[in-house]
Every structure is written in C-alpha cells, then in structure tokens.
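# Observations on the model geometry
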Amino acid sequence: MFYSNQATKPWPSFPSLSLHPSKPQHLSKLLASSSSSQPDTSAGNIKRLVLSPEGRVKLNLSPDRDFYSFPRFVTHVDDNFISTLTDLYRERLKPEYEILDLMSSWVSHLPPDVKYKRVVGHGLNAQELARNPRLDYFFVKDLNQDQKLEFEDESFNAVLCTVSVQYLQWPEKVFAEVFRILKPGGVFIVSFSNRMFYEKAISAWREGTGYSRVQLVVQFFLSVDGFTQPEVVKKLPIKSDNSPLDGIMRLFGLSQSDPFYAVISYRNFKPLN
C-alpha cells in the first residue's frame, strides 16, 4: 500500500501475483514463462536470466512479509559505510531529482542538507517507512511475489537499493522494472556490504564472496537491455596489522569497518554532468 508522510490515509493497494518463488518446484515454470513473455525488440527487455532455480532459494521459506512484520530501528551497516554511501549520493544525485528508494527502511542515507524534488520509499514494514523523514510517501510490497512497480514509464531520475539486493529472488525482473520507470539518463545505484539476514538471502549470494557478489550485481544489470556498462565503486577496510592494539580492538569488534560496494548503471546513457 501507498502511504503519505503528510497524511495517514493509505493509498489503494495493488494486487500481487500468487507466486511462491522460494519453493524450487515453482522456479522452473517461472523461468520458462519469463523468457517466453519478454519481447525481443526494445530496450528494457530481459535478455537472459542470471540465476539458476537453485540460486534463488532461501533457507527460510516463510513469506518475507512475515519476516519483516516487526520494525527494526537499527542500521545494518557501520558509520563508515553510511558516510561513503552518503558521499556517493551527494555526487550522483541532483536536488531536482525524483528518487525511488527501493527496499528502504527508517533511514535513506541521503545527504541531510540536500532537498530533492520527490523521494518515494518502498519496503516491507510500514512502521519503519513511516519513521523515515526523507520520504514524501511510501508503499509496501513484496517484490519476491510481484515485481511490477506501479509507476508510469520514465517516472524517476534515480532508483536506490541499499543493502537489500541479496534478498531479491527475481532480480532480473526487478531490474527490468527499474529500467522502465527510470528517465533516459537516470541512474540506478545498488549498494551492499558483507552483512545479511543469512536465512533470507538467496543461495547465490550466501555462497558467494565479495568479488562474486559484485559480479552478480553487474550481471543483473547486463541481463537487461539498455543499461550502460555497470560501474563498480568499492572501499575495503584496511587489513589487520596483528599488533597488540589491533588484537584488543578485534576482541571488541572495532578493528575493521564494513566493506563498501556499489554497482551503478544508467538508462541508455550517462549524463555528462
């Protein structure tokens, strides 16, 4: 459902597909239907599916809406990650932008001093989203059940997905929808670290490394016709020096910061400035 931060009345809810993508027996059917339902002539089409049926499976097969039914008012990455992400947003997002914060929560990590034209939030917990001061309005939707984004074509200048891509069981379809709603030259920024809800991450992510996860997101972009060559931004923690001080810091979990990864691509072309 859609909710406004300026009003308590919810927007109308939209129907969801009655799919069960967490169950392997349904995946092969969906793979076949996805490839056959995509036309071949225009940008934004899914050229190929990146994940195997096994790669989409989660350990926890319960509905994601149930897992996220209670709010978690915490940050899932450390301050260094957040600072790096905010700097990246400051560099790539202009004040006149209309932004969709996909799979968001109670905080969006946007520069606090920049006012954007419109920021729309999406997630699975309405209480978290209602606490997010950057959102003009938000909607609740399970993208593993229904990948359709209820927006007109070319609605946004930017789409953001922060530390959440690992939970998408049909990333190819979601990325294709993001392409559709981006304006020409619009940017999609996918950021992540090494943290996750292990039981809710897809198998292809759980079993990967930092490098393989970056390459996986790159392939999600490349699976959709029309995205520019993905750009990778990373900031890795300094390696331990094994000193006594470092040993004490590691004992208290203070020795290393979260690794920062972002994969960035644009619809059709990257603007010059």
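Presented here is an overview of the structure given in this document. Just so it is clear, the structure is predicted and the values come from calculations on it, not from any experiment. (Residues numbered from 1 in each chain as written. Predicted model: local features only at pLDDT ≥ 70, side-chain atom pairs only at ≥ 80, totals over all residues. Heavy atoms only, no water.)

## Structural notes on the pairing of strand S8 (residues 260-266)
- Burial of S8 is extensive: 7 of the 7 residues sit out of reach of the surface.
- Burial along S8 is two-sided: Phe260, Ala262, Ile264 and Tyr266 and Tyr261, Val263 and Ser265, pointing in opposite directions, are all buried.
- Pairing of strand S6 (residues 182-192) with S8 involves 6 bridges; the strand directions are antiparallel. When the sheet's bridge partners are listed, Ile189 is paired in S8 with Ile264.
- Sheet topology places strand S7 (residues 231-235) next to S8; 5 bridges connect them, and they run antiparallel. Bridge pairing in S8 places Lys235 opposite Phe260. (Buried < 20%, exposed > 50% of the residue type's maximum accessible area, 1.4 Å probe, protein only. Helix = DSSP H or I, 4+ residues; strand = E, 2+ residues; numbered from the N terminus. Pairing = 2+ DSSP bridges.)

## Some remarks on the packing of aromatic side chains
- A complete count under the given rule lists 12 aromatic pairs for this structure.
- Ring geometry for Phe139 against Phe151: centres 5.5 Å apart, planes inclined by 70 degrees, an arrangement best described as edge-to-face. Remark: Phe151 occurs in the loop between strand S4 (137-140) and strand S5 (156-162) and Phe139 occurs in strand S4; sequence separation between them is 12 residues. Both residues of the pair, Phe139 and Phe151, count as buried.
- Site record: aromatic cluster; members linked through ring pairs are Phe175, Phe179, Phe188, Phe220, Phe221 and Phe227.
- Between the NZ or CZ atom of Arg56 and the centre of the ring of Trp170, over which it lies, the distance is 3.9 Å.
- Lying over the aromatic face of Trp170, Lys173 brings its terminal NZ or CZ to 4.5 Å of the ring centre. (Phe/Tyr/Trp six-rings, centres within 6.5 Å; stacked < 30°, edge-to-face > 60°. Lys NZ or Arg CZ within 6 Å of the ring centre and 35° of its normal.)

Without other data, these values stay purely geometric and don't point to any function.
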